[in-house]
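# Geometric and topological summary
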Amino acid sequence: MAWIKRTLIALLVVFLLLAGAVAWLLAGLDINQYKPQLEKLAAKQGISLQLQGDIGWQLWPQVGLQLNDVTMAPLQLPKETLVRADKIAVGVALKPLLQRRVEAEEIVLVAPQIELTVDKEGRGNWELISEALEAQKKQPPKLEIPKETETPAEQQVELSLNKLRIEKGLLSYSDARTGKAYKVENLNISADNLVPGGEPGQLSADASVTGSDLRYPLKLKMDSTLALDEGLNGLRLQPLQLVLTSDNNAQATMHLRGYVRRDNGNQPWRVQMNLNASVDPLRPWLELTGSEVVTRDSAALQKLNIEASIEGTEQKLNLTPLQLKLDGTTFNGNAQVRNAEMPGLDLSLRGGAFNLDNYLPPAEEKNEKTGEQTSGEPATKAPSTEATAQSEESTQTPTSAETLSAQQTEKKSKPKAGEQLPAEPLPLSDLRGFNANISLALDQLQAAGLQLDSPEIQLTVDNGLYQLQKLSADLYGGQLNSNGQFNARAQTAEGQVRGGLVGVDIGKVQKALFPSEKVQIAGEASVNWDGQTKGKTSTDLQQNLRAAVNVSSKELSIAPFNLEKSMCQLFSYAENTPLPERNWPAQTDLQDVRATIAVKGDEVKVTEILAGIENIAMTGDGEVDLKKQDFDFALGLALVGESTSADGCTVKNKRWRNRPLPLRCKADFDDVGPTTCKPDSRRLDDLVREELKYKAKKKYGDKVEEKVDELKDKLKNLFGR
């Protein structure tokens, strides 16, 4: 066993000799002499590097340099710290070190703090670095005179980086324009084999993200195999996987495979990537960002998947093909994103069947007792005034004069009961500053209760000018076509829309939009419209809406009204003749219907109505108040010929022919029924009085007034007036 002892002693002696040699070597090499070189190298990159502490040596776990209290800032503003690190360890290669040369091959940043800020003018502090680099490029080249000899003290620091690690890093971002701030905390990054032109290496990172718009911390984890091209002119991902999670069950994954490359430093970067991103479930992400959405269908907004092939440059990226999957609907197409002086987007998608109603807020329900609109939320009982006052007294605490003044101002700003809040201005500035060409098409769309087949929309955007080039669809046997524009370039927005709907089944539209068991409409109709509006708020746009609408129909049936029967009843009592015995259908068949409608804000005026009912000509006008949800129409029914129809009633008195008899249709939208249309008492009185006077004078002479009153009483009993 003696040889083992001698061997161990020999190894210990060798280790001590090597340690002594390394210690002698390191002691003889003053690494702080490289401080000026490091600071000059950083200055060439537009960075002010400040090494507050001395540069020391570390022997474990790897021979290297240790830099303490390091700060970096834009060269123009050295006091505006951009990066601060408590410790930076630089691992060096041992063989060059034995030759008294420092060759760095690994960098470890411990607790680095990176501060990115945007001022009120929208300028980022990191932009100062790029501006310094651009300024250096514009400087005229200096005449370089070669030196005869170089002293040993002027040896350069070489960088052959193989590994990079960041431990417990902090990245903060704040924007003075919006007041928003974000932090990337506990940032850990590990990257191997970062030598340009070398074999692919492993990259992993994890961090926690918090911010103004995030209700919960967002955790991210990234893993990738990457390789750097020679001269740092390219980066290959094979592939990259990013996983995002949160405490509220939000989860998303993204896969990237491809490269970013350029031929040389003067050429633009080229991108070739395959993207696959999945968000499942989707709703927690809306909650995470503070934009919770309540939809009619709870199964909506559950899954989102994006697949695309990305190719182009930093100025223009093409996404071809592009596939979007939202819940059960798949959209296929392509897109182009332009990063020019005026950013732009081209998007063309086609999808299958999509139910838009499922993604809209729940329909408001009307309270039967109070008539108020509710959104399905449970009503809470308001405390009494006395209890509220006692509660405020018990919870009131002494405050400063400034706080009391603020509270009084807040109370004054709150609207009183029944008082409407002022309308918010339209975000016109956000609608400018970009261009777009958008084309969307579907096999079927369910919207506002309507079923549209083969809908298609084409929209162009030119720096605030939105032009609806095409809006078309097949709607219940008819064809919809419309176009228009919305101009947001000025301080006041202006909008125009025009179009038509030809040959639509009006009965199916009525069932979809205004379902009613009392009133039924059937037939085909055509509608044309032309409207304009302007304003600074959405309320202005609604109040300033001016539109002309024309409606026409060859045949239209309305139930349960029978206007022919109403006319015959009037003739029967007026002429004292029996009402024909027949089965009067509970509907009215209209022919050649024509209506001219004028829209002014919430008011809809029907300036003219023309229609035929067998041998009856109908004319009239009226109003529809969308705000009050009611209508009022004054109609005139005139008999053309002797009989209302082949099996209707016959009128022998020629004075009743070709003479409009007044009819008034007035009701709330919810109260429409068979008794909605009645003889107009005001206008009918004049006609009856005139006719009765004519008959009375002819037959009774001086007893005219007495007979007039008698017949008027009969008609009042007939119509319940």
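Keep in mind that what you see is a predicted model, and the values were worked out from it rather than measured. (Residues numbered from 1 in each chain as written. Predicted model: local features only at pLDDT ≥ 70, side-chain atom pairs only at ≥ 80, totals over all residues. Heavy atoms only, no water.)

### What to know about the overall build of the protein chain
When helices and strands are tallied, the protein chain shows twelve helices and 31 strands. Long-range pairs, those at least 24 residues apart, make up 51% of the contacts in the protein chain with a sequence separation of at least 6. Approximately 44700 Å² of the protein chain is accessible, and the part contributed by carbon and sulfur atoms is 53%. (Helix = DSSP H or I, 4+ residues; strand = E, 2+ residues; numbered from the N terminus. Contact = heavy atoms within 4.5 Å. Areas by Shrake-Rupley, 256 points an atom, 1.4 Å probe, with all protein chains shown as cover.)

### With respect to the state of the cysteines
A complete count under the given rule lists one disulfide for this structure. Covalently, C568 is tied to C649 through a disulfide, its sulfur atoms 2.0 Å apart. Measuring handedness by torsion sign, the sulfur bridge of C568 and C649 sits at about -85° and is left-handed. Placement of the pair is C568 in helix α10 (residues 563–575) and C649 in the loop between β29 (630–639) and β30 (661–668), with a sequence separation of 81 residues. What makes C568 buried here is its relative accessible area of 2%. (Disulfide = S-S within 2.5 Å. Buried < 20%, exposed > 50% of the residue type's maximum accessible area, 1.4 Å probe, protein only.)

### Here's the deal with the environment of L319
With respect to the secondary-structure elements, L319 resides in strand β14 (residues 316–326). Its relative accessible area of 16% is what places L319 among the buried residues. Expressed as a C-alpha distance, the spacing of L319 and A308, which sit eleven residues apart in the sequence, is 5.8 Å.

### A closer look at helix α8 (residues 506–513)
Looking only at α8, the buried set comprises G507, V509 and Q510. Considered in projection along α8, the buried side chains sweep an arc of 160° and stay on one side of the axis. Looking at the packing, one finds that the buried side of α8 touches β20 (450–462), β23 (493–505) and β24 (520–535). In this structure D505 caps α8, since a side-chain oxygen of it lies 3.1 Å from the backbone nitrogen of G507. (Arc of directions from axis to C-beta. Polar contact = N/O pair within 3.5 Å; in protein donor to acceptor, adjacent residues only side chain to side chain.)

### Some points on the side chain of S246
Take S246: it is sitting in strand β10 (residues 234–246). The exposure class of S246 is buried, given its relative accessible area of 11%. Reaching out from S246, the side chain makes a polar contact with the backbone oxygen of P217 at a distance of 3.2 Å. Engagement of the side chain of S246 in a polar contact is seen with the side chain of N248, the distance being 3.2 Å. Residue contacts for S246: discarding those within four places in its chain leaves Y216, P217, L218 and L288.

### Overview of the packing of aromatic side chains
Under the criterion given, the structure shown has four aromatic pairs. With centroids separated by 6.1 Å and ring planes inclined at 65°, the aromatic side chains of F331 and F354 adopt a geometry described as edge-to-face. Of the two residues, F331 sits in strand β15 (residues 329–338) while F354 sits in strand β16 (residues 344–355), which places them 23 residues apart along the sequence. Grouping residues by exposure puts F331 and F354 together as buried. (Phe/Tyr/Trp six-rings, centres within 6.5 Å; stacked < 30°, edge-to-face > 60°.)

### Re the pattern of salt bridges
Within the structure shown, the criterion is met by 17 salt bridges. Among the ionic contacts, a cluster of salt bridges with common partners joins D229, R236 and R261. (Salt bridge = Lys/Arg side-chain N within 4 Å of Asp/Glu carboxyl O.)

### Quick notes on the nonpolar core
Grouped together as the largest cluster of nonpolar side chains are 90 residues, with contacts concentrated most on W285, F571, M618, F633 and L637. In this view, M618 contacts L563, L590, I609, L610, A611, I613, L635, G636 and L637; residues no more than four positions away in its chain are not counted. By size, the runner-up hydrophobic cluster in this structure holds eleven residues, among which are L51, L67, V90 and L109. (Core = buried A, V, L, I, M, F, W, Y, C linked by side-chain atoms within 4.5 Å.)

### Details of a negative patch on the surface
Together, E555, D589, D592 and E614 give the surface a local cluster of negative charge. Position of E555 relative to the elements: it lies in strand β25 (residues 546–559). (Patch = residues over 30% accessible without salt bridge, like charges linked within 9 Å, V, L, I, M, F, W, Y side chains within 5 Å. Lys, Arg positive; Asp, Glu negative; His and termini not counted. Charge placed at Lys NZ, Arg CZ, Asp CG, Glu CD.)

### Considerations on the environment of Q446
Looking at where Q446 falls in the secondary structure, it is placed in strand β19 (residues 435–447). The spacing of Q446 and N355 is 91 residues in sequence and 4.5 Å in space, taken between C-alpha atoms. Residues contacting Q446, with those up to four places away along its chain left out, are F354, N355, L356, D357 and Q451.

### As for unusual backbone geometry
It is generally the case that most residues other than glycine have a negative phi and that most peptide bonds are trans. Here the amide bond leading from T320 into P321 is cis, since omega sits at -5°, within 30 degrees of zero. By secondary structure assignment, the location of P321 is in strand β14. Note that the residue after A559, namely P560, is joined by a cis bond; omega there is 10°. Looking at the element boundaries, P560 is found in the loop between β25 and α10.

### A look at the environment of K627
Tracing the chain through its elements places K627 in the loop between β28 (616–625) and β29. Residue K627 is classed as exposed on the basis of its relative accessible area, which comes to 63%. When the C-alpha positions of K627 and G601 are compared, they lie 9.4 Å apart, and in sequence the two are 26 residues distant.

### A short note on the confidence of the model for the protein chain
Put simply, the protein chain has an average pLDDT of 78, and 72% of its residues get 70 or more. Confidence drops under a pLDDT of 50 for residues 1–28, and excluding neighbours within four residues, the segment shows nine contacts in the predicted structure. Within the model, the stretch residues 141–146 combines pLDDT values under 50 with zero contacts to residues more than four positions away or in other chains. (pLDDT = per-residue confidence, 0-100.)

### A word on a nonpolar patch on the surface
Side chains of L440, I457 and L471 sit close together on the surface and give an oily, nonpolar patch of about 190 Å² of accessible area. Its place among the elements puts L440 in strand β19.

### Regarding the pairing of β29
For β29, a buried count of seven out of ten residues is recorded, marking the element as mostly surrounded by other parts of the structure. The pairing of β28 with β29 spans ten bridges and is classified as antiparallel. Its bridge partner lying in β29, V624 is registered against F631. In this antiparallel pair of consecutive strands, β28 and β29, the connection spans four residues, and Q629 shows a positive phi of 60°. Two elements, β29 and β30, share eight bridges in a ladder whose sense is antiparallel. (Pairing = 2+ DSSP bridges.)

### Some remarks on the side chain of S482
Position of S482 among the secondary structure elements: in strand β22 (residues 478–487). You can call S482 buried: its relative accessible area is 8%. Among the polar contacts listed, one links the side chain of S482 to the backbone oxygen of R498, at a separation of 2.9 Å. Residues within four places of S482 in sequence aside, it is in contact with L468, K470, L471, V497, R498, G499 and W529.

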